[in-house]
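Overview (structure and organization)
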Amino acid sequence: MLSSRYTFIYALLMAAIVGASNFLVQFPVTGTLWGIALGDLLTWGAFTYPVAFLITDLTNRQFGPSIARRVVLVGFVVGVALSFWISVPRIAIASGTAFLVGQLLDISVFNELRRKTWWKAPLAASLIGTVVDTILFFSLAFAPLFAFIGPNENFAIQSAPILGAFAAEAPRWISWALGDLVVKILVGVVLLLPYGALMNVLKPMPQVAPAS
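Predicted, not measured: the structure shown is a model, and the values here were computed from it.

Conventions used here
The written sequence of each chain sets the order in which its residues are numbered from 1. Where totals are concerned, whole chains, interfaces and linings use all residues; where local detail is concerned, this predicted model gives features only for residues with pLDDT of at least 70, and gives and counts side-chain atom pairs only at 80 or more. Just so you know, side-chain values use all the structure's heavy atoms and leave hydrogens and water out. By definition, pLDDT measures how confident the predictor is in each residue, and it falls between 0 and 100. Think of it this way: any DSSP run of H or I at least four residues long counts as a helix, any run of E at least two long counts as a strand, and we number them from the N terminus. The contact criterion used is simple: two residues touch if any of their non-hydrogen atoms lie within 4.5 Å. Under the scheme applied here, a residue whose accessible area is under 20% of the maximum for its type counts as buried, over 50% as exposed, and between as partly exposed, the area being computed with a 1.4 Å probe on protein chains only. A helix is expected to reach a length of 1.5 Å times the quantity of its residues less one. Between 30 and 60 degrees the pair is tilted, below 30 it is stacked and above 60 it is edge-to-face, where a pair is any two Phe, Tyr or Trp rings, Trp via its six-membered ring, whose centres lie within 6.5 Å. Note on patches: the residues involved have over 30% relative accessible area and no salt bridge, like charges join within 9 Å, and the nonpolar side chains Val, Leu, Ile, Met, Phe, Trp and Tyr join within 5 Å. Here the open area of atoms and residues is found with the Shrake-Rupley method and a 1.4 Å probe, where only the protein chains shown may cover a residue. Basic side-chain nitrogens of Lys or Arg form a salt bridge, by our definition, when they fall within 4 Å of a carboxyl oxygen of Asp or Glu. Each nonpolar core is a collection of buried residues, namely Ala, Val, Leu, Ile, Met, Phe, Trp, Tyr and Cys, held together in the definition by side-chain atoms within 4.5 Å. Counted as positive: Lys and Arg. Counted as negative: Asp and Glu, with His and the chain ends omitted from the count.

Remarks on the confidence of the model for the protein
- On average, the protein scores 84 in pLDDT, and the residues at 70 or more come to 90%.
- The secondary structure element of the protein with the lowest average pLDDT is strand 2 (residues 36–37), at 66, and the one with the highest is helix 5 (residues 120–142), at 94.
- Predicted confidence is poor over residues 207–212, with pLDDT under 50, and the contacts of this stretch with residues over four places away or in other chains come to eight contacts.

See below:
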């Protein structure tokens, strides 16, 4: 069945993106930009994770919210399993929680706006999902309040200038969250290009009724 085949492909892609992002988020970007230490601002996971929202939105467009949720759940299980293997348990738990909430929110928002101009549904869904996902992930993964999930990362909770540029200081993970959020939003906007290009290829299946 076509939907089963695509569900498997989408779920496999989702799991790969989640696993890669969970691994890369452990590594701050090195170097400086305009005198700003990028290690105080960004992790490499910010550049790959927005692809997860692209996969969800393409699935939702082609097969509807039910199949999209199935892809998210399969990607969640496989991605969390991979995360426990390639990263630490706290990162895996934080990632799994943020991923599930953010992706399911993305599906709901996309479904509400799917009849609007083509770019509104994926843009609004990914932006809202990204904000919620980022807040949940960085709080659970690094905030001392959630140390019961796993040990704190000393480098993450050390004070540093906010965004590496302002006089005010805050735990480094807050700057990571802000920096990652900005990059994820920018990448999410750029990913509208492949979404638009694939619209004529991955057309909605007639057997999947769109949400009213």
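The structure having been displayed, the exposition proceeds.
Here we look at the environment of Ala94
- Position of Ala94 relative to the elements: it lies in helix 4 (residues 89–113).
- Accessibility expressed as a relative area gives 0% for Ala94, which makes it buried.
- With 45 residues separating them along the chain, Ala94 and Ser139 place their C-alpha atoms 8.1 Å apart.
- Non-local contacts of Ala94, meaning those with residues more than four positions away in its chain, are made with Phe137, Leu140 and Ala141.

Brief notes about helix 7 (residues 172–190)
- Here helix 7 spans 27 Å end to end across 19 residues, near enough to the 27 Å set by a 1.5 Å rise per residue.
- Among the residues of helix 7, Arg172, Trp173, Ser175, Trp176, Ala177, Gly179, Asp180, Val183, Lys184, Val187 and Gly188 are the ones counted as buried.
- Looking at the buried positions of helix 7, the neighbouring elements they touch are helix 2 (50–63), helix 5, helix 6 (154–157), strand 3 (159–161), strand 4 (169–171) and helix 8 (192–198).

Section: the packing of aromatic side chains
- The full count for this structure, using the stated rule, is eight aromatic pairs.
- Ring centres of Phe142 and Trp176 lie 5.3 Å apart, and the angle between their planes is 75 degrees; this geometry places the pair in the edge-to-face category. On the criterion of sequence distance, the pair formed by Phe142 in helix 5 and Trp176 in helix 7 is long-range, its members being 34 residues apart. The exposure classification of Phe142 matches that of Trp176, with both residues buried.

Here's the deal with a nonpolar patch on the surface
- Together, Phe8, Ile9, Leu12 and Leu13 make up a nonpolar patch on the protein surface, roughly 400 Å² of accessible area in all.
- Relative to the elements of secondary structure, Phe8 occurs in helix 1 (residues 2–24).
- Accessibility expressed as a relative area gives 56% for Phe8, which makes it exposed.

Focus on the nonpolar core
- Counting residues in hydrophobic clusters, the biggest one holds 33 residues, and the most contacted among them are Tyr10, Met14, Leu58, Phe99 and Tyr195.
- Residue assignment for this core shows that the elements contributing at least two residues are helix 1, helix 2, helix 3 (65–86), helix 4, helix 5 and helix 7.
- Per-element accounting of this core gives the leading share, six residues, to helix 2.
- Every residue in contact with Tyr10, bar those within four places of it in the chain, is listed here: Ile55, Leu58, Thr59, Gln62, Phe63, Val71 and Leu202.
- Within the second largest apolar cluster, 15 residues are counted, among which are Ala94, Phe138, Ala156 and Trp176.

What about helix 2?
- The terminal C-alpha atoms of helix 2, which comprises 14 residues, lie 20 Å apart, in line with the 20 Å expected from a rise of 1.5 Å per residue.
- For helix 2, the buried fraction is high: 13 of the 14 residues fall into the buried class.
- Gly64 occupies a position one or two residues after helix 2 and carries a positive phi of about 95 degrees.

Comments concerning the side chain of Asp133
- Take Asp133: it is sitting in helix 5.
- Here Asp133 occupies a buried position and makes no salt bridge, while the nearest side chain of opposite charge, Lys184, is found at 4.1 Å.
- Sequence-distant contacts of Asp133, that is, excluding residues within four places in its chain, are made with Tyr49, Phe53, Ala98, Phe99, Gly102 and Lys184.

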